Amino acid sequence: MAAALSFVRAVETMDGRKMEGFFAADVEQVEMPNAFKPAGQVRDFSALKADIDKSKGIIEQQKYEILNTVSRGDLVVLEMVWHGTVVTDLPPLRAGQKLRAQCVAVFEFREGKVVRLRNYDCFDAL
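Heads up: these notes are all about the structure in this document.

What counts as what
Residues numbered from 1 in each chain as written. Predicted model: local features only at pLDDT ≥ 70, side-chain atom pairs only at ≥ 80, totals over all residues. Heavy atoms only, no water. Pairing = 2+ DSSP bridges. Helix = DSSP H or I, 4+ residues; strand = E, 2+ residues; numbered from the N terminus. Axes fitted to C-alpha atoms, helices over the stretch in contact; angles between N-to-C directions. Contact = heavy atoms within 4.5 Å. Core = buried A, V, L, I, M, F, W, Y, C linked by side-chain atoms within 4.5 Å. Buried < 20%, exposed > 50% of the residue type's maximum accessible area, 1.4 Å probe, protein only. 1 Å grid on protein atoms, 1.4 Å probe; cavity = no way out; pocket = protein on both sides within 12 Å on 5 of 7 lines; lining within 4 Å. Points joined across faces, edges and corners; volume = space filled by probe spheres on them. Nonpolar A, V, L, I, M, F, W, Y, C, P; charged D, E, K, R; others polar. Salt bridge = Lys/Arg side-chain N within 4 Å of Asp/Glu carboxyl O.

**With respect to the sheet that holds strand 4 (residues 75-86)**
Then, number 1: Across the sheet, which stays open at both edges, the six strands sit in the order 2-1-6-5-4-3 with mixed pairing between neighbours. This sheet does not close on itself; its edge strands, each paired only once, are strand 2 (41-43) and strand 3 (59-72). Taken pair by pair, the neighbouring strands of this sheet meet at an average axis angle of 20 degrees, ignoring direction.
Then, number 2: Two strands pair when backbone bridges link them, and strand 4 and strand 5 (residues 98-110) are joined in this way by eleven bridges, in the antiparallel orientation. What sits directly across from G84, in strand 5, is L99.
Then, number 3: In the packing of helix 1 (residues 2-12) onto the sheet, the strands contacted are strand 1 (23-31), strand 3, strand 4, strand 5 and strand 6 (113-123), and the crossing angle to strand 3 comes to about 170 degrees.
Then, number 4: Contacts from helix 2 (residues 45-54) reach strand 1 and strand 2 within the one sheet, and its direction differs from that of strand 2 by about 110 degrees.

In structure tokens, the structure reads:
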């Protein structure tokens, strides 16, 4: 559980270099369909790291409020509320706009590394 919580805190910094210690080489991250990715997305480590780095130009002051944690063996589930502030106008988003999402992240570990991560992000109305 500590590794999953540490990962969330590292994501808040939006620095892809901080992600390297968390993932197995064959990690798969699945983002379920949401307001920003209607078709969802599947990423390997390189794509995940690149998207985390890219978020710096779009979002600032991102924070996850952890509501519940559940773990069983190599599986950790976090229920969270995500908050972020838009940095620049990116229609329909406006600079300074506050965003919020109800999130669930499901982590599967192997030998202490994340091998699969599924994100269910439900954004408030834009």
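Now that the structure has been shown, the text picks up again.
**A closer look at the nonpolar core**
Then, number 1: Within the largest apolar cluster, 28 residues are counted, with the highest numbers of intra-cluster contacts made by F7, F23 and F107.
Then, number 2: Mapped by element, the contributors of at least two residues to this core are helix 1, strand 1, helix 2, strand 3, strand 4, strand 5 and strand 6.
Then, number 3: Not counting the four nearest positions on each side in its chain, F7 is found in contact with M19, F22, F23, F107 and L117.

**Brief notes about the layout of surface pockets**
Then, number 1: As a volume, the largest pocket reaches approximately 810 Å³.
Then, number 2: Residue lining of the largest pocket: 31 residues in total, with E31, K37, R43, S55 and Q62 positioned closest to the centre.
Then, number 3: Looking at the lining of the largest pocket, the elements with two or more residues in it are helix 1, strand 1, helix 2, strand 3, strand 4, strand 5 and strand 6.
Then, number 4: Within the lining of the largest pocket, the residues separate by chemical class into 20 nonpolar, five polar and six charged.

**Section: the pairing of strand 5**
Then, number 1: Pairing geometry for strand 5 and strand 6, over ten bridges, is antiparallel. Within the sheet, the bridge partner assigned to V104 lies in strand 6 and is Y120.
Then, number 2: Adjacent in sequence and paired antiparallel, strand 5 and strand 6 are bridged by two residues, among which E111 carries a positive phi angle near 50 degrees.

**Some words on the pattern of salt bridges**
Where charged atoms from two side chains of opposite charge approach closely, those side chains can pair.
Then, number 1: Within the structure shown, the criterion is met by eleven salt bridges.
Then, number 2: When the shortest N-O distance is used, the salt bridge between R110 and D26 registers 2.9 Å. With R110 in strand 5 and D26 in strand 1, this pair connects stretches of sequence that are 84 residues apart.
Then, number 3: Residue classification places D26 among the partly exposed residues on the basis of a relative accessible area of 48%.
Then, number 4: Measuring nitrogen to oxygen at the nearest pair gives 2.7 Å for the salt bridge that ties D51 to R43.

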